[in-house]
Amino acid sequence: MSSPAHEQIPLDFGAEVRDALHEGRPVVALESNVITHGLPYPDNAATARKVEAAVRSGGAVPATIAVEGGRIVVGMSDADIDRFASTPGIPKVSSRDLPVVLAQGGMGALTVASSVVAAELAGIPFFSSAGIGGVHRGAERTMDVSSDLIQFTRSKVAVVCAGAKKILDLGLTLEYLETQCVPVVSYRSDDFPAFYCVSSGFRSPLRLDDDEVIARSIENHWALGNHSGFLVTTPVRPQDAIDGDEVDAALAEALRAAERDGIRGQAITKYLMRAVDRATEGRSSKANMAVLVSTAEVGGRLAAAHAAYRKDGHR
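A brief report on the enclosed structure follows. Not measured: the values here are computed from a predicted model.

Examining the side chain of Ser146
Step number 1: Here Ser146 is to be found in the loop between helix H7 (139-142) and helix H8 (147-152).
Step number 2: Using a relative accessible area of 13% as the deciding quantity, one classes Ser146 as buried.
Step number 3: Setting aside residues up to four positions removed in sequence, Ser146 forms contacts with Gly133 and Gly134.

Here is the structure:
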């Protein structure tokens, strides 16, 4: 399932995921960071199971990925999810950290970037996440660009998400993806979404409404010799969304406070997200959950269409 060049990286497949890959059935990779760095136990475990159930409702097999004992676990069991959800202090592992954490043999929760690395190693062509990282505001001074964007230029995995958070510079995020020739397609929407906001205010570079056309586009991208990802965005359902103007107002105030208090670097994301949650009286947290589920369901559906397309011999 993995290429010979990567055989030295041990992969532990859950039985259901292993069988699905062997049979050519659709599988969607999921990050484990949402388990360890999201809600408290047991709500975090329940959330992980809701996301996996959404992938199944879309017609695919979920594969939540983590690191433990020097191995990449591809398809966490219920017991694994409970253990990760109830164990404090598990580190967040991005693609930069992955080789070291594997060498140390400890537990690690994978982010978007490291999950994409692991998915490609495991032979899983689809990954779903609520939202991706991007270019941070003020990046022209700080050079703060998410490793997610860098990894998309290196890993042949289709990423289904609800765009990126409004706390980022979404215009520069789209510019970066264009410069790096990573396709950005909005599924049944004209706009690039902004996590729990239906629109970022930016038009999407491309819109596709047909599942098979998306599958064919992804295969064409790789057949043309590209070794990069393919980004498919799907907006949160309108009834679950947060108004973009409300988020912008909260962010403007929070950014001024962060500047005054010297909040920067990795701390800024959590600071701004908490500020938005306070300003929306907790509605953004509920919307966050809705985005996780809705993107997972669409990821399952598109992975199923892609697997059917490949099964028909289009590969």
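Details of the packing of helix H10 (residues 211-223) against helix H13 (residues 283-311)
Helix packing for two helices is described by the angle between their axes and how far apart those axes are.
Step number 1: The geometry of H10 relative to H13 is characterised by a closest axis approach of 8 Å and an angle of 65° between their N-to-C directions. One way to sum up the angle between H10 and H13 is to call them roughly perpendicular. The chirality of how H10 crosses H13 is right-handed. Of the residues in H13, those touching H10 at Asp211, Glu212, Ile214, Ala215, Arg216, Ile218, Glu219 and Trp222 are Arg301, Leu302, Ala305, His306, Tyr309 and Arg310.
Step number 2: When grouped by side-chain class, the residues that make up the contact of H10 with H13 number 7 nonpolar, 1 polar and 6 charged.

Brief notes about the pairing of strand E4 (residues 71-74)
Step number 1: Bridge count for strand E1 (residues 11-13) against E4 is 3 bridges, and the pairing is parallel. Counterpart to Asp12 in the pairing with E4 is Val73.
Step number 2: Note that strand E3 (residues 61-68) and E4 share 4 bridges and pair antiparallel. Residue pairing in the sheet places Val67 in a bridge with Ile72 of E4.

Here's the deal with H13
Step number 1: Helix length check: H13, at 29 residues, gives a terminal C-alpha distance of 42 Å against a target of 42 Å (1.5 Å per residue), a fit within 8%.
Step number 2: Immediately beyond the C-terminal end of H13, within one or two residues, lies Gly313, with a positive phi of roughly 95°.

Some thoughts on the packing of helix H3 (residues 43-57) against H13
Step number 1: Running from N to C, H3 and H13 point in directions that differ by 30°, and their axes come no closer than 6 Å. With respect to each other, H3 and H13 are oriented roughly parallel. Considering how the two elements wind past one another, H3 and H13 form a crossing that is right-handed. Contacts from Thr47, Lys50, Val51, Ala54, Val55 and Ser57 in H3 reach Met289, Leu292, Val293, Ala296, Glu297 and Gly300 in H13.
Step number 2: Residues that form the contact of H3 with H13 fall into these classes: 7 nonpolar, 3 polar and 2 charged.

Notes on the pairing of strand E9 (residues 184-187)
Step number 1: On E9, burial covers both faces: Val184 and Ser186 on one face and Val185 and Tyr187 on the other are all buried.
Step number 2: Of the strand pairs in this sheet, E9 and strand E13 (residues 230-233) are connected by 3 bridges, and their pairing is parallel. Within E13, the position partnered with Ser186 by the bridge is Thr233.

Topic: unusual backbone geometry
Step number 1: Here Tyr41 and Pro42 are connected by a cis peptide whose omega angle stands at 5°.
Step number 2: As for its position among the elements, Pro42 is in the loop between helix H2 (33-36) and H3.
Step number 3: One non-glycine residue with positive phi stands out, namely Cys181, at about 60°.
Step number 4: Among the structural elements, Cys181 can be located in the loop between helix H9 (170-179) and E9.
Step number 5: Cys181 sits in the exposed class, given a relative accessible area of 54%.
Step number 6: One non-glycine residue with positive phi stands out, namely Arg188, at about 55°.
Step number 7: The class of Arg188 is partly exposed, set by a relative accessible area of 46%.

Calculation notes
Per chain, residue numbering runs from 1 following the sequence as it is written. Two thresholds apply to this predicted model, a pLDDT of at least 70 for residue-level local features and 80 or more for giving and counting side-chain atom pairs, whereas whole-chain, interface and lining totals are computed over all residues. Excluded from the side-chain calculations are hydrogens and water; all other atoms, namely the structure's heavy atoms, are used. Labels follow the DSSP assignment, with helices taken as runs of H or I lasting at least four residues and strands as runs of E lasting at least two, numbered in each case from the N terminus. Each residue is placed in one exposure class: buried if its accessible area under a 1.4 Å probe, protein chains only, is under 20% of its type's maximum, exposed if it is over 50%, and partly exposed if it falls in between. Contact definition: two residues touch when any of their heavy atoms are within 4.5 Å. To define axes, lines are fitted to C-alpha atoms, for helices over the stretch in contact only, and angles between the resulting N-to-C directions are given on a 0 to 180 degree scale. The labels follow the angle: roughly parallel below 35 degrees, roughly antiparallel above 145, roughly perpendicular from 65 to 115, and oblique for the rest. Handedness of a helix crossing follows the sense of rotation of the near helix relative to the far helix, less than a right angle counterclockwise being left-handed and clockwise being right-handed. When residues are sorted by character, Ala, Val, Leu, Ile, Met, Phe, Trp, Tyr, Cys and Pro go into the nonpolar class, Asp, Glu, Lys and Arg into the charged class, and all the rest, Gly among them, into the polar class. Strands were regarded as paired on the criterion that DSSP finds at least two bridges between them. Between the first and last residue of a helix there are one fewer steps than residues, each counted as 1.5 Å, and that sum is the expected span.

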